Amino acid sequence: MKKYLIVVAGPTGIGKTNTGISLARYFNTAIVSADSRQIFKELTIGTAVPHSKELKTVKHYFIQSHSIFENYNASKYENEALKIIETLFEKHDIVLLVGGSMLYINAICNGIDIMPDADPEIRKALKKQLENEGIESLRYSLKKLDPDYYTKVDLKNPNRIIHALEISILTGKPYSSFRSNPKKERSFSIIKIGLNCSRNQLHEIINKRVDRMIDAGLETEARNLYHLKHLNALNTVGYRELFSYFENEITLEKAIELIKRNTRRYARKQLTWFRNDEEMNWFEPGQIKEIITFIENRISENEQH
RNA sequence: GGUGCCAUAGCUCAGUAGGUAGAGCAACGGACUGAAAAUCCGUGUGUCCUUGGUUCGAUCCCGAGUGGCACCA
């Protein structure tokens, strides 16, 4: 039998964890998480990591496996997760990739270009340039260092420009020379399962889940991390709003309201990305049987060719 | 029961000296290759409560109805 990576994606709160566990038990395999925040061991309540009970039933990878002090990114994830996946395929024909981080899933399925890690000092300097001289100045630098990318990039998006600049400065070569938009060959086939429900339902799930997080002590978790708020890992829905509350910028009620709103928006953004993926096969959460049947049919079709 | 006020976007409300309407919030759509739960761009989504009348034309003026609120009984 060939090897199959089953991707389970969908907006936050839709039930990826449960679906993933059901599928993993049925196929007797492990789960590789594709979640850019659940990966951090310092974050628990605000990221809705699977409960320890759930983690005991099925082996999970990349759940609370890294530290927020590490500068993590999609490329590191691609390298590390791919290694784990390859290892798992030694014992399993099917492996599950479960999560909502669009770029991370994309890194596994299609790969991203190889280029050096950004230098924190250079990034710092560019941030300062943005702060002091404005985005216009960054654009000017980019036009000089990478005129080709200058015509393609969203010139209003400082993060994009900064990244192109930091790579160009670090390597002495234009950022665009590293960009080939690869579709990397993988040793396994990919079957993508997308989970979605009505928008009203999704909003209700999200609102309730945020209330549950607050009841579970999210405020305390955030307060204990407050002194680390400069870390990128904490530029995260659920924490940043509480940080504003700690700074007396908003009330607790307002912070909770904003967490709900920003989570809803995040879910929408995820859907925008996933909807665009033509390989995605959509199901409602709870349609486990249908999903299993679909996967088995897909595999048996594939085995015949 | 009587009197008064109100009824416009999902919500709170503005407005039109009569020419089918706009703010805030919410919502919705999109971009995306090393910060991605990040970052950035875009979009009013409407039986102006219903129904008669006046008018070339009514969301606006007049009458009636319905619903809500307040006060008086």
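Further up the page is the structure itself.
Residues numbered from 1 in each chain as written. Chains lettered and ligands numbered in written order. Predicted model: local features only at pLDDT ≥ 70, side-chain atom pairs only at ≥ 80, totals over all residues. Heavy atoms only, no water.

Trainee: Quick rundown of the packing of helix α5 (residues 120-133) against helix α8 (residues 158-171)? Include the residues and the values.
Mentor: Contact pair α5 / α8: the axes reach a minimum separation of 10 Å and the direction vectors enclose 135°. The orientation of α5 relative to α8 falls into the category oblique. By crossing handedness, the relation of α5 to α8 is classed as right-handed. Between α5 and α8, the residues in contact are Ile 122, Arg 123, Leu 126, Lys 127 and Leu 130 and Pro 158, Ile 162, Leu 165, Glu 166, Ile 169 and Leu 170, respectively. Its residues assigned to classes, the contact of α5 with α8 shows 8 nonpolar, no polar and 3 charged. (Axes fitted to C-alpha atoms, helices over the stretch in contact; angles between N-to-C directions. Helix = DSSP H or I, 4+ residues; strand = E, 2+ residues; numbered from the N terminus. Parallel < 35°, antiparallel > 145°, perpendicular 65-115°, else oblique. Left-handed = near helix turned anticlockwise from the far one by under 90°. Contact = heavy atoms within 4.5 Å. Nonpolar A, V, L, I, M, F, W, Y, C, P; charged D, E, K, R; others polar.)

Trainee: Provide a residue-level description of the protein's contact with RNA strand B, including the pertinent values.
Mentor: Surveying the vicinity of RNA strand B reveals 50 residues, the closest of which are Ser 36, Met 115, Asp 117, Asn 157 and Arg 264. Taking all atoms of RNA strand B within 4 Å of the protein, the share assigned to sugar and phosphate is 54%. Lys 269 is positioned such that a nitrogen or oxygen atom in its side chain is 2.8 Å from a base nitrogen of RNA strand B. Contributing elements (two or more residues each) for the surface near RNA strand B: α4 (102-109), α5, α8, α9 (199-215) and α12 (252-275). (Near = heavy atom within 4 Å. Polar contact = N/O pair within 3.5 Å; in protein donor to acceptor, adjacent residues only side chain to side chain.)

Trainee: Go over a positive patch on the surface, please, and point to the residues and values.
Mentor: A contiguous patch of positive charge on the surface is contributed by Arg 199, Arg 261, Arg 265, Arg 268 and Arg 275. Ranked by the residues each element gives to the positive patch, the list is headed by α12, at 4 residues. With respect to the helices, strands and loops of the structure, Arg 275 is situated in helix α12. (Patch = residues over 30% accessible without salt bridge, like charges linked within 9 Å, V, L, I, M, F, W, Y side chains within 5 Å. Areas by Shrake-Rupley, 256 points an atom, 1.4 Å probe, with all protein chains shown as cover. Salt bridge = Lys/Arg side-chain N within 4 Å of Asp/Glu carboxyl O. Lys, Arg positive; Asp, Glu negative; His and termini not counted. Charge placed at Lys NZ, Arg CZ, Asp CG, Glu CD.)

Trainee: Describe the sheet that holds strand β6 (residues 280-283), naming the residues involved and giving the relevant values.
Mentor: As summarised here, the arrangement of the 6 strands in space is β3-β2-β4-β1-β5-β6, forming an open sheet in which the pairing is parallel. Taken across any chain shown, the strands that pair with only one partner, and hence form the sheet edges, are β3 (60-61) and β6. Where strand β5 (residues 189-195) and β6 come together, 4 bridges link them in parallel fashion. By the bridge assignment, Lys 192 is partnered in β6 with Met 280. The strands touched by α4 within the sheet are β1 (4-9), β4 (94-98) and β5, with β1 carrying the most contacts at an inclination of about 165°. (Pairing = 2+ DSSP bridges.)

Trainee: Would you mind going over the pattern of salt bridges in detail, with residue names and values included?
Mentor: Throughout the structure, instances matching the rule amount to 13 salt bridges. The partner of Glu 247 in a salt bridge is Lys 229, and the shortest N-O contact between them spans 2.8 Å. Remark: Lys 229 occurs in the loop between α10 (218-225) and α11 (240-246) and Glu 247 occurs in the loop between α11 and α12; sequence separation between them is 18 residues. Within this structure, Glu 78, Lys 184 and Arg 186 form a network of salt bridges that share partners.

Trainee: Pulling in residues and values, what's your account of α5?
Mentor: An ideal rise of 1.5 Å per residue puts 20 Å on 14 residues; α5 measures up with 20 Å between its terminal C-alpha atoms. Where α5 is buried, its residues contact α6 (135-145) and α8. Where α5 begins, one side-chain oxygen reaches toward the backbone nitrogen of Glu 121, 2.7 Å away; that side chain belongs to Asp 119. Downstream of α5 by a residue or two, Gly 134 has a phi angle that is positive, lying close to 85°. (Expected span 1.5 Å × (residues − 1).)

Trainee: Mind laying out the packing of aromatic side chains, listing which residues take part and the relevant values?
Mentor: A full pass over the atoms with the stated rule returns 10 aromatic pairs. Judged by centre distance (5.3 Å) and plane angle (70°), the rings of Phe 62 and Tyr 77 are edge-to-face. Taken as a pair, Phe 62 in the loop between β3 and α3 (74-91) and Tyr 77 in helix α3 lie far apart in primary sequence, 15 residues in all. A single burial state applies to Phe 62 and to Tyr 77, both of which are buried. Each ring, one from Phe 89 and one from Phe 188, has its centre 5.4 Å from the other, and the planes form 35°; the classification is tilted. Of this pair, Phe 89 sits in helix α3 while Phe 188 sits in the loop between α8 and β5, and the two are 99 residues apart along the sequence. Assigned by exposure class, Phe 89 and Phe 188 land together as buried. (Phe/Tyr/Trp six-rings, centres within 6.5 Å; stacked < 30°, edge-to-face > 60°. Buried < 20%, exposed > 50% of the residue type's maximum accessible area, 1.4 Å probe, protein only.)

Trainee: So, the pairing of β1: which residues are in play, and what are the values?
Mentor: When a strand is regular, its side chains alternate between the sheet's two faces. Burial runs high along β1: 6 of the 6 residues are buried. A two-sided burial pattern is seen for β1, the buried positions comprising Tyr 4, Ile 6 and Val 8 on one face and Leu 5, Val 7 and Ala 9 on the other. As paired strands, β1 and β4 are joined by 5 bridges and run parallel to one another. Within the sheet, the bridge partner assigned to Tyr 4 lies in β4 and is Ile 94. Bridge count between β1 and β5: 6 bridges; the pairing is parallel. Bridging across to β5, Ile 6 finds its partner in Ile 191.

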